Amino acid sequence: MFAATAAADENPSSAIVCGKSPVATGTRIVGGQNASAGRWPWQASLRQFGRHICGASLINKDWVLCAAHCVGFPKIILTVVLGQQTQQGSNPNEVSRSVKLIIKHPSYDPNTNDNDIALLKLSSSVTFTDFIRPVCLAADNSVFHSGTESWITGWGVTAEGESLSPNILQEVEVPVIGNRQCNCLYEVGTITDNMICAGLLEGGKDSCQGDSGGPMVNRQNTVWIQSGIVSFGKGCARPNLPGVYTRVSRYQEWISSHVCSDPPGFVQFISTGADSDNTYSCSGLPPLPTSTASTSRTTSARSSSKQNSISYFLLLIAILFSFHM
Ligand code: ARG
């Protein structure tokens, strides 16, 4: 597409071209289907000694976004592969780069998985093609209500406990599960504001081992916006245990502070209507946010009791007064 109009080594700005997949709808990941070539052109494979270990996503010509738990290894043994549809065999559109710099979030906590995010700088810029281009990132004021349809992609295993990864990139669609409900499903306190959950309560569709670091994206009009990074889960695709993703919108400032030239495209994702998660509750969760209705009821109750005391006071004066007469 625009590879024909742009000079070979001159990319259009990432903020302008981000999130546009030239390929229309065509998922292992669990319960998914094969993805057609070029449908997810930001999908990267992070390899250690040439072996796929994690996913990642291209955010501009020089950087991929990944999970902090994926990059515990020295950068020298890592490579990032882009434009790939299959892990084996020939990929005519494939480009590979070594890693020049790894920036793990300084507050990443391996015990709680909080802030599971890392930036990897490629050894040299990549040229955008129909098969290699950046994704847009959810801006910090983005809102994802429960039920928002999301897509996850990766070369992770297709069943819990399996060891073989699929050859063809897998895709699967799963709805967002709000943080209140997700906390109730895991243990209250497990899901921080820096996380976002997605999955089916009945199970069967999920990311799994080897998908980590890869993107969860949401479509808004014509662009794909990355809302999450595959982070963790209890098993894979189990009922009532959705996948947990790093909430990308919480890191706009952090990402921008490190990715200066060719800034990535941050786009606000908007959910309309009411978020059913706001009224979700279970024991241990902080009380539901007070609604306007109950606030006004309290006010009117308070003002009527004030009116009562005023009338009692007047009545008392009237009685005293009548005694006086
Ligand atoms: N931590 C896993 C990895 O390193 C990803 C787990 C995702 N699990 C899930 N049930 N969604 O690949």
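Above this text sits the structure in question.
In short, a report on the structure. All of these numbers come straight from a predicted model, not from anything done at the bench. In this convention, every chain numbers its residues from 1, walking through the sequence in written order. Since the coordinates come from a predicted model, pLDDT governs what is reported: local features require at least 70, and pairs of side-chain atoms require 80 or more to be given and counted, while whole-chain, interface and lining totals use all residues. Working from all heavy atoms in the structure, the side-chain values ignore hydrogens and water.

## Let's talk about the overall build of the chain
Quick note on the threshold: In this description a helix means any DSSP run of H or I spanning at least four residues, a strand means any run of E spanning at least two, and both kinds are numbered starting from the N terminus. Partly exposed residues are those whose accessible area sits between 20% and 50% of the maximum for their type, while under 20% is buried and over 50% is exposed, using a 1.4 Å probe and protein chains only. Residue burial considers only the protein chains on display, and all accessible areas are found by Shrake-Rupley using a 1.4 Å probe.
Within the chain one finds four helices and 15 strands. Evaluated residue by residue, the chain yields a buried proportion of 49% over its 325 residues. Within the structure as shown, the chain displays about 15400 Å² of accessible surface, and the carbon and sulfur contribution to it stands at 55%.

## Re the pattern of salt bridges
Applied cut-off: Just to be clear on terms, a salt bridge is a Lys or Arg side-chain nitrogen sitting within 4 Å of an Asp or Glu carboxyl oxygen.
In the structure shown here, the tally under the stated rule is four salt bridges. Arg39 is the salt-bridge partner of Glu171, the closest N and O atoms lying 3.1 Å from each other. Of this pair, Glu171 sits in strand β10 (residues 170–177) while Arg39 sits in the loop between β1 (33–34) and β2 (43–48), and the two are 132 residues apart along the sequence. A residue is classified by how much of its surface remains accessible, and Glu171, at 1% relative accessible area, is buried. Residue classification places Arg39 among the buried residues on the basis of a relative accessible area of 5%. We note a salt bridge from Glu160 to Arg238, for which the minimum N-O separation is 2.6 Å. A residue pair is termed long-range when its members are at least 10 positions apart, and Glu160 in the loop between β9 (149–154) and β10 and Arg238 in the loop between β13 (223–232) and β14 (243–247) qualify at 78 residues.

## Overview of the sheet that holds strand β5 (residues 78–82)
Cut-off, in case you're wondering: Pairing between strands requires that DSSP locate at least two bridges from one strand to the other. Only the stretch in contact is used when a helix axis is fitted, and all axes are lines through C-alpha atoms; the angle between N-to-C directions ranges over 0 to 180 degrees.
With respect to topology, six strands assemble into a closed barrel ordered β2-β3-β4-β7-β6-β5, the strand pairing being antiparallel. For this sheet the average axis-to-axis angle between neighbouring strands, irrespective of direction, equals 40 degrees.

## Some thoughts on the state of the cysteines
As a reminder, the rule being used: In what follows, a disulfide is any cysteine sulfur pair within 2.5 Å.
Tallied over the entire structure, the rule returns five disulfides. Through a disulfide, Cys182 is tied to Cys197; the S-S separation comes to 2.0 Å. Taking the sign of the torsion about the S-S bond as the criterion, the disulfide between Cys182 and Cys197, at about -90 degrees, is left-handed. With a gap of 15 residues between them, Cys182 in helix α2 (residues 179–185) and Cys197 in strand β11 (residues 195–198) connect regions that are remote in the sequence. Relative accessible area serves as the criterion here: at 0%, Cys182 is assigned to the buried category.

## Details of the site of the ligand
Going by this rule: Only a single heavy atom is needed: when it lies within 4 Å of a molecule or strand, its residue is near that molecule or strand. Any pair of nitrogen or oxygen atoms within 3.5 Å is treated as a polar contact; in protein, a donor-acceptor pairing is required on top of that, and neighbouring residues in sequence qualify only through side-chain atoms on both sides.
Near the ligand lie 15 residues; those nearest to it are His69, Asp206, Ser207, Gly210 and Ser212. One of the side-chain N or O atoms of Ser212 is found 2.4 Å from an oxygen atom in the ligand.

## Describing the packing of aromatic side chains
Short version of the rule: Between rings of Phe, Tyr and Trp, where Trp is taken as its six-membered ring, a pair exists when centres lie within 6.5 Å; planes separated by under 30 degrees are stacked, by over 60 edge-to-face, and by other angles tilted.
With the rule as written, the count across this model stands at five aromatic pairs. Between Trp40 and Trp151 the ring centres are 5.8 Å apart and the planes differ by 40 degrees, which places this aromatic pair in the tilted class. Residue Trp40 is found in the loop between β1 and β2, and its partner Trp151 is found in strand β9; the two are separated by 111 residues along the sequence. With 4.6 Å between their ring centres and 10 degrees between their planes, Phe144 and Phe269 make a pair best called stacked.

## Some points on the pairing of strand β4 (residues 63–66)
Burial of the side chains of β4 extends over both faces: Trp63 and Leu65 are buried on one face and Val64 and Cys66 on the other. Relative to β4, strand β3 (residues 51–58) runs antiparallel, the two sharing two bridges. The residue bridging Leu58 from the neighbouring strand is Val64, located in β4. Between β3 and β4, which pair antiparallel in sequence order, lie four residues. Taken together, the four bridges between β4 and strand β7 (residues 118–122) define a ladder with antiparallel strand orientation. Looking across to β7, one finds that Val64 is bridged to Leu120.

## Brief notes about the layout of surface pockets
One simple way to see leftover space: roll a probe sized like a water molecule over the atoms. Cut-off, in case you're wondering: Grid points spaced at 1 Å over the protein atoms alone were grouped into cavities, where a 1.4 Å probe fits but cannot get out, and pockets, open sets with protein on both sides within 12 Å along at least five of seven lines, with lining residues defined by an atom within 4 Å of a point. Grid points are joined across faces, edges and corners, and a volume is the space filled by probe spheres set on the points. Each residue gets one of three labels, nonpolar for Ala, Val, Leu, Ile, Met, Phe, Trp, Tyr, Cys and Pro, charged for Asp, Glu, Lys and Arg, and polar for the others, Gly among them.
Estimated volume of the largest pocket: approximately 580 Å³. Considering the residues around the largest pocket, the lining is formed by 28 residues, among which His52, Ile53, Ser165, Gln209 and Gly210 are closest to the centre. Listed by contribution, the elements that provide at least two residues to the lining of the largest pocket are β3 and β13. For the lining of the largest pocket, the element with the most residues is β3, which contributes four residues. The class makeup of the residues in the lining of the largest pocket is nine nonpolar, 15 polar and four charged. Within this model, the second largest pocket holds a volume of roughly 480 Å³. Lining of the second largest pocket is provided by 24 residues; of these, Asn179, Arg180, Asp193, Arg247 and Asp277 occupy positions nearest its centre. It is α2 that contributes the most residues to the lining of the second largest pocket, three residues altogether.

## What to know about unusual backbone geometry
Backbone geometry at Phe49 places phi at a positive 50 degrees, although glycine is not the residue there. Tracing the sequence through the fold places Phe49 in the loop between β2 and β3. Non-glycine residue Asn221 carries a positive phi angle of around 55 degrees. Residue placement: Asn221 occurs in the loop between β12 (215–220) and β13.

## Some points on the nonpolar core
The condition that has to hold: As used in this record, nonpolar core signifies buried Ala, Val, Leu, Ile, Met, Phe, Trp, Tyr and Cys residues forming a set joined through side-chain atoms within 4.5 Å. The criterion used for residue contact is that any of the two residues' heavy atoms lie within 4.5 Å.
Of all hydrophobic cores here, the largest spans 44 residues; its most connected members are Leu46 and Ile255. For this core, the elements supplying multiple residues, two or more each, are β2, β3, β4, β5, β6 (95–104), β7, β13 and α3 (252–258). Beyond its immediate sequence surroundings of up to four residues, Leu46 is in contact with Arg51, His52, Ile53, Cys54, Cys66, Cys70, Val71, Leu78, Thr79, Val80 and Leu120. Judged by nonpolar contacts, the second largest core, of 17 residues, contains Val174, Ala198, Tyr245 and Phe269.

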